[in-house]
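Now for the letters of each chain:
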Amino acid sequence: MVKPKITPTVAVQPDPITITPFGSTTFCNGNSVDLTASSTAAYTYTWSPSTGLNTSTGATVTANPSTTTTYTVTGNNGSGMIGTKSITITVNPAPTDITIQSTINGVDACNQNYIELAVNNNNAVSSFKEGFETNTITTFAFATNGSAGVYIEPYYTEGSSSRSLVGSGDSDWASGNTRMTLANNVIDLSQYASATLTFDHICASEAGYDFGYVQYSLDAGSNWIDFPTSSYSGSGTLKNGVVSFDKSSYSDWNTQFTSSNSTPGTAPASSLFKSESINLNAYMTNTNFRIRFRLNYDSSTDYYGWIIDNVKINVVPKVVWSPTTNLYTDTALTTAYTSGANASTVYALPNGVENYTATAIIGACTKSDTKTVTNYTKRYVCNRIVS
């Protein structure tokens, strides 16, 4: 008997694709980078996602994403050979464009006491933001007790989803809580001039029994403290003498959630979300700052849960000045400006002409403006120029 001949199948590996620049790329928000794909194969290239790209086809694209994004290029030779390669563009927050406004204090230019230099447009930017748009969230760590849980929700204020913390209503009530803790992002607040925590939420928890607490840590998460009511600037009715909520914190929540079977209704239910703001300025010297959202519940009735979206920490950059010559922080010109100190307004009385530069700083990202200041009292005597 003649045995049939078996012809081995050889898998053809696609020719690899290289992206230039090599490896991950980091830049400040507002900048861009050209990404170029190349291969020994005669590929036609497409890029995804298209967000932040000037085009989604071709070997070279210009990437200008506003948030950290992983781009994937796919090469197709038209004959069944398909190769892919990915690159992550990390976008760091950057200050907004600033300007210096100068104002002369005195009777006129020949009789001036000082020149006030004030920085304008040093606006807050988001140093951290999470919209819960992917199934896997790495910015927050989730933890539960008993059968409590964390869920992906179709309700949102931006994007297409959010997260909810839900109680269990079982016998673990004595320590029952569901927690969402800022995970890999220990925040150094000392590098900013000021900071604010903002978030959108629906706290559909049983009034008087289950509460959503907003908490902070000064030691990278070893100990947790409830935010005081003095830090809160929203319009909700706070519970337990701290920044915490239940369904009675807002009247429309109380109307919508009347039992454990109540839901937010038709998605995205954006009108039920409330935007909250917590001032972090009391902690600006801390270098190991963290936040978390904690749902505390009892062993009885559990309502829908605490839906959270669009979490941000918005910061105002520090402003530094150079040179420091004849620059002061008070109008009496008695306190000299110290190099590297944060100051949105300074007072100058240079010996003649000086170019002063203000620089707004967030990490390695900066924006600057320069103003030429002339002290005419050093050049004029009774309107006569002296050498």
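Rules behind the numbers
- Residues numbered from 1 in each chain as written.
- Predicted model: local features only at pLDDT ≥ 70, side-chain atom pairs only at ≥ 80, totals over all residues.
- Heavy atoms only, no water.
- Helix = DSSP H or I, 4+ residues; strand = E, 2+ residues; numbered from the N terminus.
- Contact = heavy atoms within 4.5 Å.
- Areas by Shrake-Rupley, 256 points an atom, 1.4 Å probe, with all protein chains shown as cover.
- Pairing = 2+ DSSP bridges.
- Axes fitted to C-alpha atoms, helices over the stretch in contact; angles between N-to-C directions.
- Phe/Tyr/Trp six-rings, centres within 6.5 Å; stacked < 30°, edge-to-face > 60°.
- Buried < 20%, exposed > 50% of the residue type's maximum accessible area, 1.4 Å probe, protein only.
- Salt bridge = Lys/Arg side-chain N within 4 Å of Asp/Glu carboxyl O.
- Polar contact = N/O pair within 3.5 Å; in protein donor to acceptor, adjacent residues only side chain to side chain.
- Core = buried A, V, L, I, M, F, W, Y, C linked by side-chain atoms within 4.5 Å.

Draft legend 1. How the structure looks around the overall build of the protein chain. The helix and strand inventory of the protein chain stands at 1 helix and 27 strands. Partitioning the intrachain contacts of the protein chain with sequence separation of at least 6 by distance along the chain shows that 67% fall at a separation of at least 24. Element-wise, carbon and sulfur atoms account for 47% of the exposed surface of the protein chain, whose accessible area totals about 18800 Å².

Draft legend 2. Spatial organisation of the sheet that holds strand β7 (residues 82–92). Taken in spatial order, the 4 strands make up an open sheet running β2-β7-β6-β4, and their pairing is mixed. Sheet topology places β2 (25–28) and β4 (44–48) at the edges, where each strand pairs with a single neighbour. Each adjacent strand pair in this sheet contributes to an overall mean axis angle of 25°, direction not counted. Note that β2 and β7 share 4 bridges and pair parallel. Bridging from a neighbouring strand, Cys-28 pairs with Asn-92 of β7.

Draft legend 3. Layout of the sheet that holds strand β5 (residues 60–63). An order of β1-β3-β5 is seen for the 3 strands of this open sheet, with the pairing classed as antiparallel. Both outer strands of the open sheet, β1 (18–20) and β5, are each paired with one neighbouring strand and no more. Taken pair by pair, the neighbouring strands of this sheet meet at an average axis angle of 25°, ignoring direction. Where strand β3 (residues 33–38) and β5 come together, 4 bridges link them in antiparallel fashion.

Draft legend 4. Focus on the packing of aromatic side chains. Counted according to the given criterion, the structure contains 16 aromatic pairs. Look at Tyr-114 and Tyr-347: their rings are 5.3 Å apart centre to centre, the planes differ by 85°, and that puts the pair in the edge-to-face class. Highlighted residues: Tyr-114 in strand β9 (residues 112–120) and Tyr-347 in strand β23 (residues 345–348), separated in sequence by 233 residues. For Tyr-114, a relative accessible area of 11% corresponds to the buried category. By relative accessible area, Tyr-347 is classed as buried at 13%.

Draft legend 5. Molecular detail of the pattern of salt bridges. Using the criterion set out here, one finds 3 salt bridges in the structure. Notably, a salt bridge pairs Lys-367 with Asp-97, separated by 3.1 Å at the nearest N-O pair. In this pair, Lys-367 sits in strand β25 (residues 365–374) while Asp-97 sits in the loop between β7 and β8 (99–106), placing the two residues 270 residues apart along the sequence. With a closest N to O distance of 2.7 Å, Lys-274 and Asp-252 form a salt bridge. Residue Lys-274 is found in strand β19 (residues 274–279), and its partner Asp-252 is found in helix α1 (residues 251–256); the two are separated by 22 residues along the sequence. Overall, Lys-274 belongs to the buried group, its relative accessible area being 16%. Residue class for Asp-252 comes out partly exposed when judged on its relative accessible area of 26%.

Draft legend 6. Examining the pairing of strand β13 (residues 162–166) more closely. Of all 5 residues in β13, 5 are buried, a share of seventy percent or more. Because side chains alternate across β13, one face comprises the buried residues Ser-162, Ser-164 and Val-166, and the other comprises Arg-163 and Leu-165, equally buried. As defined by bridge partners, strand β12 (residues 149–153) adjoins β13 across 5 bridges and the pair is classed as antiparallel. When the sheet's bridge partners are listed, Glu-153 is paired in β13 with Ser-162. By the bridge criterion, 3 bridges tie β13 to strand β21 (residues 305–322) in an arrangement that is antiparallel.

Draft legend 7. Local environment of the environment of Val-166. Structurally, the position occupied by Val-166 is in strand β13. Residue classification places Val-166 among the buried residues on the basis of a relative accessible area of 14%. Sequence separation between Val-166 and Gly-305 is 139 residues; the distance between their C-alpha atoms is 4.5 Å.

Draft legend 8. Quick peek at the side chain of Ser-162. With respect to the helices and strands, the residue Ser-162 is situated in strand β13. Assessed through its relative accessible area of 0%, Ser-162 is described here as buried. Among the polar contacts made by the side chain of Ser-162, one reaches the main-chain carbonyl oxygen of Tyr-155 at a distance of 2.5 Å. The residues touching Ser-162, leaving out its near neighbours within four places in the chain, are Phe-132, Tyr-151, Ile-152, Glu-153, Tyr-155, Ile-307, Ile-308 and Asp-309.

Draft legend 9. Structural context of the nonpolar core. Counting 44 residues, the largest nonpolar core has Leu-197, Val-214, Phe-227, Phe-293 and Val-311 as its most contacted members. Among the elements of the structure, β10 (125–130), β15 (192–204), β16 (211–217), β20 (290–296) and β21 are those that each provide at least two residues to this core.

Draft legend 10. Up close: the environment of Thr-134. In this structure, Thr-134 sits in the loop between β10 and β11 (140–144). You can call Thr-134 partly exposed: its relative accessible area is 47%. For the pair Thr-134 and Ser-160, spaced 26 residues apart in sequence, the C-alpha to C-alpha distance is 9.6 Å. Among the polar contacts listed, one links the side chain of Thr-134 to the backbone oxygen of Thr-136, at a separation of 2.8 Å.

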